[in-house]
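Spelled out, the chains give:
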Amino acid sequence: MSNTSENPNPSSSSAKITLKTSDNELFEVEEAVAMKFCTVKQYFEDEKDNDVAARGSSTVIPLPNVHSAVLARLISYCKKLPQSNAVADNHEEEETKKKERKQYGTPGDLVDLISAANYLDFKEGLEFFNQALADHIQNKSVEYVRKFFGIKGDFEPHEEEKYREEYAWAFEGVDED
Amino acid sequence: MAIEPITNLKRRKEDRTWTQSSKPSYEFINNLSDSLLFEILYPLPWLSVLRCKSVSKRWNSLISNPYFVKSFIHHRRQQFGMHYLEPSFTLLLQYTYDHKDPCVTTRYKVVRICSPIQRNQIEMEIFSSETGEWCSSVVSSPRGLNYFNYNTIDVGVVACNTMLHWVDVDERDKMIKGFVGFDPFNDAQQCCYIDPPTDLLRDEFISLGVFQGSLRIYQRPWLPIKACNFYVWELEDYINAGTWCLKHRVYFKDMVSDYPGLVKIAKGFHPPVDLLAFHPNDGELVFLQFRNYVVLCNMRTGVLKFAGQLQDMGKILLGNSNNFVTVQAKSAFVLRQPLFPTQLFPKPIPPPLLSRPYRSSSSSVGFCWKSEYRI
C-alpha cells in the first residue's frame, strides 16, 4: 500500500498524512498508520482519484468526530499493534494482555476510543477497546455494571425480580465488585 | 513517547485532559448507538451478557433482540473459530431398561463427538454408567473426515443397530460426502464410512431416520423446482458395507386427506414439511411435521392422517416455569420402539434446563431437542 515510489522526497522513509481533529489540532502521521483507519483510507483514495493528493502531505484530512486526545491514543495504539489481538493461548499470556488493555484508561475514555475507532472504521482497534471495556464488567454483578456505566435501573421491582428468578443460575459465581 | 498534535506548541486552550474527563461515563454509554453497544457486549462471556439483561430496559431489549443473539454467536465463531468453540456437536444417551421397572435406567453411555481436527481421526469422550467415568478415546476413520458444519449439526446423530450415525459434509462446497457410523459398545477404536445413495441430491438438506433397525434418509429438496416431492432411501444389507435402496418417492400433489387443511399445505407452494419419525411397524408410514401439525403419511397411497398438534409452533413448555424453549421438532421417537439411544442437547444449554426435558419422555412422543441459543 505504500506509495513511496510517488514520494518526491527520497530522504523521508514514508509518506505522511495530516489529520485534523474536531478541536482543530493537526496530526502528522505516517501513511501506514493512517491507512489502518478505513475512513481515512477511503477519503485518501478518493482524493487520489481526484488527483488532488498528488502533492502528498499537503492534504489535510478532517476528522470532525474525533477529539485530539482520543486520536493521540489511537495512534499510539496503532504503533504497537502487531502483538495485540489474536486469542491468547494460555492463562499467563491472557493476563499480560489484560494488563496491556488496562492502560487505556477509564470507562469514559474507552467509550470515547470505541466511538472514534468505530467512526474511523478501525477494526482491530474497535475489537481491542471493546475487549478492554469488557474486561471491566466481565463476571461482575448487575449493580456493578450499572454503577460502572452510571446507568439507572428502570425496571419495576417485580419485573427485575422476575428476570433474576428466570436467570437465577446466571447470577451465581459473580466476582466481588 | 507521547503522541502530541503538531499544533500543540502553538495553542493553549481549555483542553480536556486525558483520564480526568469531567463527564461521567453514563453520558457516553447512553449516547452510544445500539450497534456500538452490541460491539461492546460481544466480547463478554455469555453468562455476563445474560446478567446484563437486568441492567435496564434498553439493555434488556437489546440483548433479547434476535439480531444480537445471532451476531453474538457469529462473533464468537469468528474470534475463536468454529471447531475451537464447538468441539462437540452432540451428546447421546444410551439406555437399557431394568426389566422390573421400565422407567429406571440401569445402564447407559453418553458420547461426546468432537469435530474432527485431523482428517483421519475423531476424538470422543464416552461416559459409561458402569464405571461412572468419562473416557477419552481417539477413533480412526477409513476416510478423511470434514469439520462439522451447520449441516452436520442440523442432521444430528441417529442411532441404529447400536451404531451412531451422522453425516459428513464437505467443508468447502457443502456437499454431502457420506455417513459416519460409530459403535460405542463394541468397537470403540474405529468408525465406518457409508457412501450416500448415488441418486441423492448432495447439495440439499436431508434428515436421518430409522425403520426397524435400518437406517433411512429422508430428503425433501429445497429448491422450488425440485420441491414437488420427497424421497426415502433405506440402507439394506448393512453388514456387507450396505446398499441404499430408494423406497419411496412421494409427490405432494398426489396427497389426499379427509382434512382439507393438510391437503392445502401439501399442495401449497413449497410445503413446509419435515420428517419426524418413521412408523415403528409399518414401513410405508411416516410421521411428518406439516407446520405445527403432526401428520401420519402413507407413502404408497399418499393418504394423510392428522396425528397431533405441536403447541405454539414447536415451542415446548419446560417444567412448571413459563419459559418456552424454541425446539425444532425435527426427529421424534415413538416410545414403543427400543428407546436407545436418545439424543440430548447438541449445544450448551442453561444448566437448570438440562435436567428437565427428559420428563417429556413420559408422553407418547418424545422430541429430540435441537436447542438454539436463547438469551
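The present account deals with the structure reproduced in this document. Predicted model, so just to flag it, every value in this text is computed and none were measured. Counting restarts for each chain: residues are numbered from 1 in the order of the written sequence. To read the labels, note that chains go from A and ligands from 1, taken in the order they are written. This being a predicted model, a pLDDT of at least 70 is required before a residue's local features are given, and a value of 80 or more before pairs of side-chain atoms are given or counted; all residues contribute to the totals for chains, interfaces and linings. Hydrogens and water are ignored here; the side-chain numbers use all heavy atoms of the structure.

### Concerning the overall build of chain A
Part 1: For helices the rule is a DSSP run of H or I covering at least 4 residues; for strands it is a run of E covering at least 2, with both sets numbered from the N terminus onward. The helix and strand inventory of chain A stands at eight helices and three strands.
Part 2: In sequence order, the secondary structure elements of chain A are arranged as β-β-α-α-β-α-α-α-α-α-α.
Part 3: Buried residues in chain A amount to 45% of all 177 residues.
Part 4: Only the protein chains shown count as cover for residues, and all accessible areas are computed by the Shrake-Rupley method using a 1.4 Å probe. Surface accessibility of chain A: about 9,400 Å² in total, with carbon and sulfur atoms responsible for 47%. Each residue's exposure class comes from its accessible area (1.4 Å probe, protein chains only) as a fraction of the maximum for that residue type: buried when under 20%, exposed when over 50%, partly exposed otherwise.

### A closer look at the overall build of chain B
Part 1: Within chain B, the regular secondary structure consists of nine helices and 22 strands.
Part 2: When each of the 375 residues of chain B is scored for burial, the buried share is 50%.
Part 3: Contacts between residues were defined by any pair of non-hydrogen atoms, one from each residue, lying within 4.5 Å. For chain B, restricting intrachain contacts to residue pairs at least 6 apart in sequence, the fraction spanning at least 24 positions comes to 47%.

### Thoughts on the sheet that holds strand β1 (residues 16–20) of chain A
Residue and element names in this part refer to chain A.
Part 1: If DSSP finds at least two bridges between two strands, the strands pair. Spatially, three strands are ordered β2-β1-β3 in an open sheet, and the strand pairing comes out mixed. Only two strands of the sheet have a single partner each, and these edge strands are β2 (26–30) and β3 (60–62). Each strand axis lies, on average, 35° off the axis of its neighbour in the sheet, ignoring direction.
Part 2: Here three bridges tie β1 to β3, and the two strands are oriented parallel to one another. The residue bridging Leu19 from the neighbouring strand is Ile61, located in β3.
Part 3: Of the strands in this sheet, β1 and β3 touch helix α2 (residues 38–49), which is tilted by about 130° from β3.
Part 4: Working convention: axes come from line fits to C-alpha atoms, limited for helices to the stretch in contact. Angles between N-to-C directions cover 0 to 180 degrees. Packing of helix α3 (residues 68–79) onto the sheet brings it into contact with β1 and β2, and relative to β2 it is tilted by some 10°.

### A short note on unusual backbone geometry
Residue and element names in this part refer to chain A.
Part 1: With a phi angle near 65°, Asn24 is a residue other than glycine that sits in the positive phi range.
Part 2: Of the residues examined, Asn24 reaches a relative accessible area of 47% and is grouped as partly exposed.
Part 3: Even without a glycine there, the phi angle at Asn139 is positive, about 55°.
Part 4: Within the element layout of this structure, Asn139 appears in the loop between α6 (123–137) and α7 (142–149).

### A closer look at the packing of aromatic side chains
Part 1: In this analysis, rings of Phe, Tyr and Trp, with Trp reduced to its six-membered ring, are considered paired at centre separations within 6.5 Å, and the interplanar angle assigns stacked below 30 degrees, edge-to-face beyond 60, and tilted for intermediate values. Per the counting criterion, the structure on display carries 19 aromatic pairs over all chains.
Part 2: Ring centres of Phe148(A) and Phe149(A) lie 4.9 Å apart, and the angle between their planes is 85°; on these two criteria the pair is classed as edge-to-face. For the pair Phe148(A) and Phe149(A), one class covers both residues: buried.
Part 3: Through successive ring pairs, a cluster of aromatic residues spans Phe37(A), Tyr77(A), Phe122(A), Phe128(A) and Phe129(A).
Part 4: Only lysine NZ and arginine CZ atoms are considered, and such an atom sits over a ring when it is within 6 Å of the ring centre and within 35 degrees of the ring normal. Above the plane of the ring of Tyr144(A) lies Lys140(A), whose end atom (NZ or CZ) is 4.9 Å from the centre.
Part 5: The lysine or arginine in question, Lys253(B), covers the ring of Tyr251(B), its NZ or CZ lying 4.9 Å from the ring centre.

### As for the environment of Tyr259(B)
Part 1: Note on placement: Tyr259(B) falls in the loop between β13 (256–257) and α8 (260–267).
Part 2: C-alpha separation for the pair Tyr259(B) and Phe306(B), spaced 47 residues apart in sequence, amounts to 7.4 Å.

### A word on the sheet that holds strand β17 (residues 303–309) of chain B
Residue and element names in this part refer to chain B.
Part 1: What the five strands build is an open sheet, ordered β13-β17-β16-β15-β14; its pairing is mixed. At either end of the open sheet lies a strand with only one pairing partner, and these are β13 and β14 (273–278).
Part 2: Looking at chain direction, strand β16 (residues 293–298) and β17 are connected through five bridges and run antiparallel. Note on β17: the bridge partner recorded for Leu296 is Lys305.
Part 3: Packed on one face of the sheet, α8 meets β13, β15 (285–290), β16 and β17 and runs near 110° to β17.

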